[in-house]
Structures are given as structure tokens and as C-alpha cells.
Amino acid sequence: MRLIINADDFGLTESVSKGILKGMKEGIITDTTMLTNTNHFDRSIELAKEAGVKEMGVHLNLTLLRPLLDAKKVKSIVDEHGNFYRKPPFIPSSFRKEEVRAELKAQIEKFLSSQLTLTHIDTHHGFSIVDEEMLQIIIELAKEYRVPMRKDAVLTEDPHIKNQLAISGVKTTDALYADFSSPKLQESVLLDVIAKYKDTDTTVEIPCHPGFVDDELRRVSSLIDEREEDLQLCLNPQWFDYMKKHHVELIGFNQL
């Protein structure tokens with residue numbers, strides 16, 4: 001099997017970015033995905049380059065902080081204060097497709113301005129599956145930028161949404177695997193994935209949320225101490241021997 005350990009939320013805070021980079025340099029994290037509309041974008045890019053990280057994904061975002069575009073240009077996806085709605089179910093069903101696409105494209109273009117290589121796209125809080133139209137926007141962007149995307153279709157039971165990604169031709173993993181009942185990465189999830197797919201050609205993504213905790217993170221995120229727990233799990237050196245023994249190849253999205 002081939003396994004991607006993908007760290008979400010790069011750029012959320014400097015401490016989160018530093019934690020993810022440590023996990024990539026010393027642990028089993030093989031890819032990461034960046035929020036581009038935070039105050040820590042420039043510093044996080046700088047840290048990545050200092051660490052020798054030359055590529056990563058973009059964590060497309062409609063549910064945290066403010067848009068990159070002027071709020072007046074994306075009125076259908078922001079509240080009266082110009083902020084994104086905090087959870088996907090709160091995004092108005094009347095959102096305008098052209099506004100969503102313009103904002104998400106701006107996020108990708110901002111990332112590309114860093115001169116890092118784009119490996120893939122995925123979505124913060126999985127907003128891509130709010131309906132078929134939203135997922136189609138993400139698929140169109142993956143095609144436009146010729147990159148893989150996360151297999152978000154597994155997050156829904158809607159057969160139309162599941163089929164939409166299947167027939168799109170966009171590269172993705174064979175499976176997205178996580179215990180969505182828990183906010184942190186479980187050791188049991190890693191063990192279950194390896195046990196299930198170790199003798200197959202399956203490609204699996206396991207998302208995680210590693211990072212160091214500081215006061216700023218406590219102000220902006222509901223996922224706090226779990227991030228350091230994720231990081232410590234990914235830094236356990238025993239994973240390397242365990243995966244080698246079970247013929248698990250660690251890869252990034254650029255190898256799909």
C-alpha cells in the first residue's frame with residue numbers, strides 16, 4: 001500500500017506551521033495543506049523554505065476568518081461583518097457559484113505567488129460536500145490547476161456527490177481514512193489502515209492536525225491540545241520500522 005499522512009491547517013498560526021514542519025522533517029507526515037487567508041501566510045512560507053519544503057497543497061477555505069477578496073465581491077458567502085460562516089452547514093444555500101470560484105481561485109493564486117509547487121487541493125471543514133454544485137467547483141479547480149484533490153466524497157452518503165468525483169477524472173487517493181468521531185489522530189486508525197491494506201496496491205490518505213500550541217491558537221481554534229498529541233504520534237520513530245515491515249510506502253500527493 002501507499003500512504004499519505006497529510007497535515008491540515010499549515011499557516012493557521014506560526015506555532016502550527018512549526019509543528020507540521022517538525023513532523024515532516026522528523027516524523028511520518030508526508031504532505032501538508034495551507035490556509036492562505038491568515039496573518040501567518042508569509043512567515044509560514046518563509047519557514048517552509050528554510051526547512052527545505054518546496055511543495056504542499058492548498059487548504060481551500062470558506063469557514064475561517066475573512067476572504068482574500070473584498071467582502072463586497074463575495075457577499076453570498078460572508079456574514080454581515082464580512083467574515084466567513086464558521087461551519088459548512090451555515091454557508092447559505094443561495095451562494096453564488098461565481099463568487100465561490102473567484103475566492104477559491106484567489107486563494108490558490110496567492111499560494112502560487114510564493115513560488116512553492118502546488119501538490120493538491122482539499123477543503124477546510126470539508127465544505128466541498130455541502131452540495132453537488134460546491135463539489136463541482138472544487139473539481140473544476142483541480143482540473144484547471146492539474147492537481148489531485150482529497151477524496152471528500154467519502155464524507156457524505158449522497159450518491160450523486162459520490163458519483164460526481166468518481167466520474168470526474170481528477171486524481172485522488174483510493175481511500176480517505178480517519179475516525180471522524182475523534183478530533184485527533186488515533187493510533188488505532190493507523191494500525192487499522194495498515195492491517196486492512198498492507199498487501200494491496202491501495203493508496204490511502206490519513207489527514208491529521210499536528211502543531212504546537214500557544215495562546216493565539218487557543219483564541220482562533222477549537223482544536224488545541226489535540227494538535228500536539230497528533231504531532232507526538234507522528235514523531236514516534238517506531239512507525240518507520242513498522243511500516244517497512246508491512247510494506248507501506250509513505251508518499252505525498254505529488255506521487256499520485
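Residues numbered from 1 in each chain as written. Predicted model: local features only at pLDDT ≥ 70, side-chain atom pairs only at ≥ 80, totals over all residues. Heavy atoms only, no water.

### Some words on the side chain of Ser 114
Here is step 1 of the chain: If you trace the backbone, Ser 114 turns up in the loop between helix H3 (97-112) and strand S4 (117-123).
Here is step 2 of the chain: At 2.5 Å, the side chain of Ser 114 and the backbone oxygen of Phe 111 are in polar contact.
Here is step 3 of the chain: A polar atom in the side chain of Ser 114 sits 3.2 Å from the backbone nitrogen of Leu 116.
Here is step 4 of the chain: Every residue in contact with Ser 114, bar those within four places of it in the chain, is listed here: Phe 41, Ile 45 and Lys 49. (Helix = DSSP H or I, 4+ residues; strand = E, 2+ residues; numbered from the N terminus. Polar contact = N/O pair within 3.5 Å; in protein donor to acceptor, adjacent residues only side chain to side chain. Contact = heavy atoms within 4.5 Å.)

### Description of the packing of helix H4 (residues 132-145) against helix H5 (residues 159-166)
Here is step 1 of the chain: Running from amino to carboxyl end, H4 crosses H5 at an angle of 15 degrees, the nearest separation of the two axes being 10 Å. By the angle between their directions, the pair H4 and H5 is classed as roughly parallel. As for the relative orientation of H4 and H5, their crossing is right-handed in sense. In this structure, H4 contributes Glu 132, Leu 135, Gln 136 and Ile 139 to the contact, and H5 contributes His 160, Ile 161, Gln 164 and Leu 165.
Here is step 2 of the chain: Grouping the constituent residues of the contact of H4 with H5 by class yields four nonpolar, three polar and one charged. (Axes fitted to C-alpha atoms, helices over the stretch in contact; angles between N-to-C directions. Parallel < 35°, antiparallel > 145°, perpendicular 65-115°, else oblique. Left-handed = near helix turned anticlockwise from the far one by under 90°. Nonpolar A, V, L, I, M, F, W, Y, C, P; charged D, E, K, R; others polar.)

### Some points on the environment of Leu 12
Here is step 1 of the chain: As for its position among the elements, Leu 12 is in the loop between strand S1 (2-10) and helix H1 (14-26).
Here is step 2 of the chain: Between the C-alpha atom of Leu 12 and that of Gly 252, which follows or precedes it by 240 residues, the distance is 21 Å.
Here is step 3 of the chain: Those residues in contact with Leu 12 that sit more than four places away from it in its chain are Leu 35, Thr 38, His 40, Leu 64, Leu 217, Val 220, Ser 221 and Arg 227.

### Things to note about H3
Here is step 1 of the chain: End to end, H3 covers 22 Å across 16 residues, agreeing with the expected 22 Å (1.5 Å per residue, within 8%).
Here is step 2 of the chain: Taken together, the buried positions of H3 are Glu 99, Val 100, Glu 103, Leu 104, Ala 106, Gln 107, Ile 108 and Phe 111.
Here is step 3 of the chain: Contacts from the buried residues of H3 go to strand S2 (31-34), helix H2 (41-50), strand S3 (55-60), S4 and H4. (Expected span 1.5 Å × (residues − 1). Buried < 20%, exposed > 50% of the residue type's maximum accessible area, 1.4 Å probe, protein only.)

By themselves, these are just geometric observations and shouldn't be taken as functional.
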